[in-house]
Amino acid sequence: QVQLVESGGGLVQPGGSLRLSCAGSGSISSRNAMAWFRQAPGKQRELVAGISTGGSTNYKNYLKGRFFITRDNVKNMVYLQMNSLKPEDTAVYYCSAARTRVWSGNVDYWGQGTQVTVSS
């Protein structure tokens, strides 16, 4: 059984930082490409960043330089470091995984999501 469990969400002031974590278990391993998506109220779910098993990354263009995705293949973890947060970053953030090693945009597994709220 595949499980992706996110943690690290919460309330943060504008300009602050948060680090989200995602723990993979079951058949999720270092052989799976991983990604973070987000969905704001009334909007479609969008890709934030993806990372392949070898460490190569893809970002939503306008998030480059503020958000950073990394992974720990030994621990089966993927992280999203979010800096200089803005109110428009408020959303539910979802961890995802693909059956492929290279991130190509296809998602096979989803986590439950963690809420991130940026507000003063």
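In what follows, the structure referred to is the one given above.
All values derive from a computational prediction rather than experimental measurement. Residues take numbers from 1 onward in each chain, read along the sequence in its written order. Given that the model is predicted, a residue must reach a pLDDT of at least 70 before its local features are reported, and side-chain atom pairs must reach 80 or more before they are shown or counted; all residues, however, enter totals for whole chains, interfaces and linings. Think of the side-chain values as coming from all heavy atoms in the structure, minus any hydrogens and water.

A.B. asks: Sorry if this is basic, but what is going on with empty space enclosed by the protein here?
C.D. replies: Think of a 1 Å grid over the protein atoms and nothing else: a 1.4 Å probe that fits but is trapped marks a cavity, an open set flanked by protein within 12 Å on at least five of seven lines marks a pocket, and residues with an atom within 4 Å of a point count as lining. Grid points are joined across faces, edges and corners, and a volume is the space filled by probe spheres set on the points. Scanning the entire structure with this criterion turns up one cavity of 30 Å³ or more. Its volume calculated, the largest cavity comes out at about 40 Å³. Around the largest cavity, the lining residues are Ile28, Ser29, Ser30, Met34, Arg71, Asp72, Asn73, Asn76, Met77 and Val78. Secondary structure follows DSSP: runs of H or I at least 4 residues long count as helices, runs of E at least 2 residues long count as strands, and numbering of each begins at the N terminus. Sorting the residues of the lining of the largest cavity by element identifies strand E7 (67-72) and strand E8 (77-82) as the ones contributing at least two each. Side-chain classes are defined by residue name, with Ala, Val, Leu, Ile, Met, Phe, Trp, Tyr, Cys and Pro counting as nonpolar, Asp, Glu, Lys and Arg as charged, and the others, Gly among them, as polar. Along the lines of polarity and charge, the residues of the lining of the largest cavity split into four nonpolar, four polar and two charged.

A.B. asks: How should I be thinking about the sheet that holds E7 in this particular structure?
C.D. replies: Backbone hydrogen bonds are what pair the strands of a sheet, in a parallel or an antiparallel way. What makes two strands pair is DSSP finding at least two bridges between them. Taking strand neighbours across the sheet as the criterion, the four strands line up as E1-E3-E8-E7 in an open arrangement whose pairing is antiparallel. The outermost strands of the open sheet, each flanked by one partner alone, are strand E1 (3-7) and E7. Averaged over all adjacent pairs, the angle separating strand axes in this sheet is 15°, with direction ignored. Across six bridges, the pairing between strand E3 (residues 18-25) and E8 is antiparallel. Bridging from a neighbouring strand, Arg19 pairs with Gln81 of E8. Lines fitted to C-alpha atoms define the axes, with helix axes restricted to the stretch in contact, and inter-axis angles between N-to-C directions lie between 0 and 180 degrees.

A.B. asks: Honestly, the pattern of salt bridges in this entry has me stumped. Any pointers?
C.D. replies: Pairs can form between side chains of opposite charge once their charged atoms are near each other. Here a salt bridge means any side-chain nitrogen of Lys or Arg lying within 4 Å of a carboxyl oxygen belonging to Asp or Glu. Tallied over the entire structure, the rule returns five salt bridges. Here Arg38 makes a salt bridge to Glu46, at a shortest N to O gap of 2.7 Å. Taken individually, Arg38 and Glu46 each receive the classification buried, so the pair is uniform in this respect. In this structure, the salt-bridge partner of Asp89 is Arg38, at a minimum N-O distance of 2.9 Å. Of this pair, Asp89 sits in the loop between E8 and strand E9 (91-97) while Arg38 sits in strand E4 (residues 34-39); the two residues are 51 residues apart in sequence, bridging distant segments of the chain. Its relative accessible area of 0% is what places Asp89 among the buried residues. Burial classes follow relative accessibility: with a 1.4 Å probe on protein chains only, a residue under 20% of its type's maximum area counts as buried, one over 50% as exposed, and anything between as partly exposed. We classify Arg38 as buried; its relative accessible area is 5%. Put simply, Arg38, Glu46, Lys60, Arg66 and Asp89 are held in one network by salt bridges that share partners.

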